[in-house]
Structure formats: structure tokens, C-alpha cells
Amino acid sequence: MNIADIFHFFFLLQGGGDCPEMSIGAIKIALEISLPGSFIYVFTDARSKDYKLTHEVLQLIQQKQSQVVFVLTGDCDDRNHIGYKVYEEIASTSSGQVFHLDKKQVNEVLKWVEDAVQSSKVNLLSTDHFSQVSNTWQMPFDPSLKEVTVALSGPAPDIEIKNPQGKILGKDDSLTELLHIPNSAKVVNIKDPQPGLWSVKTSSKGRHSVRISGLSTIDFRAGFSRKSTMDFKMTSSRPVQGIPTHILLNTTGLSPPARPDRLELLTITGEVIKTLPIRYYPDRQPYNLWNITEFIPPNEAFFLRVTGYDSQGFVFQRVSSVSFSSIVPDAPKVVMPATINGYYLQRGFIRCQVESLLPFTLRFNRDGKQLGEGQLFSESDSASWEIEMVTLKDEGYYECIAISSAGTGQARTFLDVSEPPPAITIERNVTVSPGTHAVLTCHVVSTVGFNLTWLRGGDDARLDPRVNILANLSLQVSKVTPDDSGWYECIAGNEGGNTADRIYLIVQGENCVFGLTNVYVSLIDWCCFVCFYLCVTQCIS
């Protein structure tokens, strides 16, 4: 992306003139069509009108691991409105920031944006503070970091950086000021920082955010799962609140003996919530995957920070590009068909499907009374209540009820008892000679009246004038020819449904081979054992 592209994108988005504007929907579309890990810059002079879409945007951010930065030249004069506060929430979740400036300062910001959009950008620190405060961050810079950028957004921003020797960096010490808007933002950059422990001091006279990033090949992605796995496809972008959770790390830029050592969960203000060790398996393949022991996700949003050692023994730290919020489980979702068919004197099943992120207990009820014992399930599953032999007294409504710590879900179905479909048995495939009559018979057993239909090639077999149905419902083909060979289908139907089966008609020819004993003829899938002589003119498939 170059500055011309950014201007083009900016001019495409501007316009409208409303206050507030439909900005969250635009961010949602941008997230949906952009690649994972994209940088999205929002230029607007108004708070949002469609802030109810924020939850969907936050989900997309955690899924796509993308960053959203807001450049505001106005806010409808109300920064306490939820339409403005969602900007801060989106920026905080995505490790983005909110910058306030005059319209004449937009060009200055765009120049910084062009420098900020780099593909190998890694996150070193992301914090948000809700009041005036000064913080000093002790940070290890490893040799892979080619440059480091410190961005502070807030009133009266100030940044002080000390190298490992304790010297405060100035403009003569490779410190470059990329952006400085006195009452809104300050961004500085260090090229080729010396490896070691650095000190970064930030302060602001009000609500502010701090982002420290670098250019490096060492980074990581994280996925969450309820079971231990080494397959990233089996993980999700968010954990489930209150459920023991495993983390799978996918690291880049590390090869033995470099390795991650520990994983920390951080609040959005940078405080450590929990530390988890990362076990070292030097012979494990692939080397870049690391499974973290299970933990209970916190209720608040959190960042992940990985600390480890590179191949030279230098300490490195990386922070997730987005903050993670736990999925708050809903009550189980229970699904049953409106009607289930049961057949008289046959085995029947009342089935239901349950979707739940939490363990749940399931039971079946009829007329308010529980059937059997409840069943415990650890995750989404299906269940059924079996009726050994269905009778008319079993007809009626049945309920499937699933109960978890998040609530209760239920569904209802009606068991419709009817006679079973007919049962069909057929004779063996029929073989006749040309010019004779062929009779094909389906034996049908049904507890009630039924209809029988004969088909050939999907059409009614009676369309051929040589075909007629006998009194016992057998199909007769008069004066058969080799063209009559093939499959014939009989379909028997009653109030319980339809049953179908097929018979193959073989019409033999007149060419005979005599004097053969123990002849084996393969007719594709058919085998014939012939004694003395065999007359064959046509093979069947």
C-alpha cells in the first residue's frame, strides 16, 4: 500500500455529512472482505449510529486478528455516548488506537499510516488507561527486532525511552518522531535497537492508550480448544467462559534451540492475570506448535504474552495482536422435528439434537412426566428415547429437555403412529427364452391395503401393450425379445409409506455351445456355473 492508495481509499469513504454515521457497518464490511491480519484505518468526523453491530465487529476482529485505528476529526460533541465509546472498545480489542485531530492534520497522519502498514509488524505491548497515569515498562528487545515504534494516544502525550545502558534517547540517538499532535498523539520510532532490557516511560493527562510494536520474524498465533490438540483446525479464535481450555501456539521465526518459555494472560492495562509454563519438547515435530496446559479463561478481556529465548539466548517477548474475550454460553439449543413417524408393533425412536458449549443433562418427558433417567453430556450431541414396540397408546407429544449452568433449552415433537410400510420379497431373477411369456412377481406383506406399481426405466411398465398386471399383481410380459432384458422395479405403498425392490429379466438367445462341462462364464457382476451346454447371447450389467 502506498500513500496514493490510502488517499484513494479515504476519498471513497468520505461523504454523507450525517452526525452520527453508519461507521460500524462499514468496519464490519471491511473486516469481512479483507485478509486476516489486515490494518483498517477509519477516518470520520462523527460517532457511530449503528453501534449495535459492535459485538459482530469484535468477533470478526478476534477471528481475523486485524487492527482497527480511528482518526477522528469530530465526534458529534459527545464522547460519553455509546456511539463514541464503541470506537474505543474496537480499538482496544484490536490493538488499534483512537486519534483526535483537526482536518488540516490529516495529511500528517496519513504519512505516519504509510510507515505503520508493514507486513512483518509484531506486537510488543498494548495497554489502555482510563485516567491520568505515568507508567514505566521494562521490555527486552531481541536481535530480530529491526525497529521499534511507540505510539501513545491521549491528551498531553509524553514518551521517554532508555537504552540498556540507562541513557535517555534523543533525536541524535536514532530516535525519530513520526507523529506529534500536542493534545492527541505522539509516535516515535527506533531503528536497529540494541539487544537488551529497555525502559519505556509513557504518560498522559487523561484517558490514553499505549501501543509498542516492532518489525521481526518472531511472532505467534493462538487458538483455543476444550481438548488438547496439535491441529490448529481444531481450535477456535475465542475461549468459552468457565470451561477448562487449552491453548495451541503456532510460533514463527524460531528454530532449535530457540523456544518459548512461558505464556502470560494480561489485562488491558498490562497487569499479569495468570502465568502458564510452556513445556519444551526439542524432538517434537512440527517444532513451531506448542500446547499449553488447560486453564479457566478469565471473565474479562485479556491479551496473551509469550516470553522465550532466541537461538543466542536473548530474551524475546511478543503480545497477541488482539485481546480475547470469552464466549458467554447460552442455554442449550434443542432441535426436534415437528413430527416423528412411528410404526405399529415396530421399534421406535424419539430423537433430539442438542447444541451446547457447556456440559448439560438431558431428559425426555411425556405429558409432564420424566421418561427414564437423565443423561449427562459434556458437549453438543444427539440422544434418543427408544420404544421397543410401538402401539397406538404411544402416540402423542414428547419433550426433550437439556439443562446446563447457562439455562434450559427444550423442544417438542409429535409421535404419529401408523401402520408400517409394506414389506417386499422378490423371486430370484427371471430367465426366459425369446417368444415366451415372462412373469415377474413381488410378494407384498402389509397390515393394511396397499397399491403396487411396476416401473421400467423410471416409467410405468404398462405403457408397453405387451405388458399386463395379473390378478396376483405379478407383471407379465408377452412374447419377450432380447430388448426386454433389464431391471423391473415394483413399488408397494400404503399409509405408512413406500417400499421398492427390483427384479432382473434375462432373455436368452439361440446360439448354443454344446459339449461343455463345468463352464464358468463371467457376466460382469454375475457368475453362472453351467453343466453340459450354455446358450448365451447377451451379458447383463
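Only a predicted model underlies this, so the values are computations on that prediction, with no experimental measurement involved.

**Description of the state of the cysteines**
Where two cysteines share a covalent bond between their sulfur atoms, that bond is called a disulfide.
Piece 1. Counting across every chain of the model gives three disulfides.
Piece 2. A sulfur-sulfur distance of 2.1 Å marks the disulfide that ties cysteine 352 to cysteine 400. Here cysteine 352 is found in strand β21 (residues 348-355), whereas its partner cysteine 400 is found in strand β25 (residues 396-404), with 48 residues between them in sequence. The exposure classification of cysteine 352 matches that of cysteine 400, with both residues buried.
Piece 3. With its sulfur 1.8 Å from that of its partner, cysteine 442 forms a disulfide with cysteine 490. Residues cysteine 442 and cysteine 490 share a disulfide whose torsion about the S-S bond is about -80 degrees; that sign makes it left-handed. Linking cysteine 442 in strand β30 (residues 442-445) with cysteine 490 in strand β35 (residues 486-494), this pair joins segments that are 48 residues apart in sequence.
Piece 4. Assessed through its relative accessible area of 5%, cysteine 442 is described here as buried.

**Focus on a nonpolar patch on the surface**
Piece 1. Side chains of Tyr344, Leu345, Met389 and Leu392 sit close together on the surface and give an oily, nonpolar patch of about 400 Å² of accessible area.
Piece 2. Following the sequence through the fold, leucine 392 ends up in the loop between β24 (381-387) and β25.
Piece 3. You can call leucine 392 exposed: its relative accessible area is 59%.

**Details of helix α2 (residues 23-33)**
Piece 1. Buried within α2 are the following residues: Ser23, Ile24, Gly25, Ile27, Lys28, Ala30 and Leu31.
Piece 2. In this fold, the buried residues of α2 make contact with β1 (39-44), α3 (54-64), β2 (67-72) and α4 (82-93).

**Looking at the side chain of glutamate 419**
Piece 1. Along the chain, glutamate 419 turns up in the loop between β26 (407-418) and β27 (423-426).
Piece 2. Ignoring anything within four residues of it in the chain, the contact list for glutamate 419 reads Tyr343, Tyr344, Thr447, Val448, Glu495 and Gly496.

**Some details on the packing of α3 against α4**
Piece 1. Two numbers describe how α3 lies on α4: the axes approach to 10 Å, and their chain directions differ by 15 degrees. Classified by the interaxial angle, the pair formed by α3 and α4 is roughly parallel. By crossing handedness, the relation of α3 to α4 is classed as right-handed. Between α3 and α4, the contacting residues are Thr54, Val57, Leu58, Ile61 and Gln62 on the first element and Val86, Glu89, Ile90 and Thr93 on the second.

**Looking at the sheet that holds strand β10 (residues 196-204)**
Piece 1. Strand order in the open sheet made by the three strands is β5-β10-β7, with antiparallel pairing throughout. The sheet is open, and its two borders are formed by β5 (133-141) and β7 (158-162), each paired with just one other strand. Averaged over all pairs of adjacent strands, the angle between strand axes in this sheet comes to 15 degrees, irrespective of strand direction.
Piece 2. Here β7 runs beside β10; their pairing, made up of five bridges, is antiparallel. Paired with lysine 162 across the two strands is serine 199, which belongs to β10.

**Describing the pattern of salt bridges**
Piece 1. All told, the structure shown has 17 salt bridges when counted by the stated rule.
Piece 2. Of the charged contacts, one joins aspartate 128 and arginine 211 as a salt bridge, the two residues approaching to 3.3 Å between their closest N and O atoms. With aspartate 128 in strand β4 (residues 121-129) and arginine 211 in strand β11 (residues 208-215), this pair connects stretches of sequence that are 83 residues apart.
Piece 3. Judged by its relative accessible area of 10%, aspartate 128 falls in the buried class.
Piece 4. We note a salt bridge from lysine 191 to glutamate 147, for which the minimum N-O separation is 2.8 Å.

**A short note on the nonpolar core**
Piece 1. With 41 residues, the main nonpolar core has Phe70, Ile247, Leu249, Leu263 and Leu304 as its most contacted residues.
Piece 2. The biggest single contributor to this core is α4, with five residues.
Piece 3. Aside from chain neighbours lying at most four places away, what touches leucine 263 is Ile247, Leu249, Lys274, Thr275, Leu276, Ile278, Ile292, Leu304, Arg305 and Val306.

**A look at the sheet that holds strand β19 (residues 333-335)**
Piece 1. In space, the three strands of this open sheet follow the order β19-β21-β24, with antiparallel pairing throughout. Every interior strand has two partners, whereas the edge strands, β19 and β24, have only one. Taken pair by pair, the neighbouring strands of this sheet meet at an average axis angle of 25 degrees, ignoring direction.
Piece 2. Where β21 lies against β24, seven bridges are found, and the strand directions are antiparallel. Within the sheet, the bridge partner assigned to isoleucine 350 lies in β24 and is tryptophan 385.

**Description of α3**
Piece 1. Those residues of α3 that fall on the buried side of the exposure criterion are Thr54, Val57, Leu58, Leu60, Ile61, Gln62 and Lys64.
Piece 2. In this structure, the buried residues of α3 make contact with α2, β2 and α4.
Piece 3. Looking at the residues trailing α3, positive phi occurs at glutamine 65, about 55 degrees.

**Some points on the packing of aromatic side chains**
Piece 1. What the rule picks out here adds up to 11 aromatic pairs.
Piece 2. Here phenylalanine 224 and phenylalanine 302 contribute two aromatic rings whose centre-to-centre distance is 6.3 Å and whose plane-to-plane angle is 90 degrees, an arrangement assigned as edge-to-face. Taken together, the residues phenylalanine 224 in strand β12 (residues 219-225) and phenylalanine 302 in the loop between β16 (289-295) and β17 (303-309) connect sequence positions 78 residues apart. You'll find phenylalanine 224 and phenylalanine 302 in the same group, each marked buried.

**Comments concerning unusual backbone geometry**
For residues that are not glycine, phi is negative in most cases, and the peptide bond is trans in most cases.
Piece 1. In this structure, proline 257 follows proline 256 across a cis peptide bond, with omega equal to 5 degrees.
Piece 2. Among the secondary structure elements, proline 257 is positioned in the loop between β13 (245-252) and β14 (259-266).
Piece 3. Although it is not a glycine, aspartate 367 adopts a positive phi angle of roughly 55 degrees.
Piece 4. Among the secondary structure elements, aspartate 367 is positioned in the loop between β22 (360-366) and β23 (369-377).
Piece 5. Among the residues examined, aspartate 367 registers a relative accessible area of 65% and is labelled exposed.
Piece 6. Phi angles above zero are rare outside glycine, and leucine 473 is one such case at about 70 degrees.

What counts, and at which threshold
Residues numbered from 1 in each chain as written. Predicted model: local features only at pLDDT ≥ 70, side-chain atom pairs only at ≥ 80, totals over all residues. Heavy atoms only, no water. Disulfide = S-S within 2.5 Å. Helix = DSSP H or I, 4+ residues; strand = E, 2+ residues; numbered from the N terminus. Buried < 20%, exposed > 50% of the residue type's maximum accessible area, 1.4 Å probe, protein only. Patch = residues over 30% accessible without salt bridge, like charges linked within 9 Å, V, L, I, M, F, W, Y side chains within 5 Å. Areas by Shrake-Rupley, 256 points an atom, 1.4 Å probe, with all protein chains shown as cover. Salt bridge = Lys/Arg side-chain N within 4 Å of Asp/Glu carboxyl O. Contact = heavy atoms within 4.5 Å. Axes fitted to C-alpha atoms, helices over the stretch in contact; angles between N-to-C directions. Parallel < 35°, antiparallel > 145°, perpendicular 65-115°, else oblique. Left-handed = near helix turned anticlockwise from the far one by under 90°. Pairing = 2+ DSSP bridges. Core = buried A, V, L, I, M, F, W, Y, C linked by side-chain atoms within 4.5 Å. Phe/Tyr/Trp six-rings, centres within 6.5 Å; stacked < 30°, edge-to-face > 60°.

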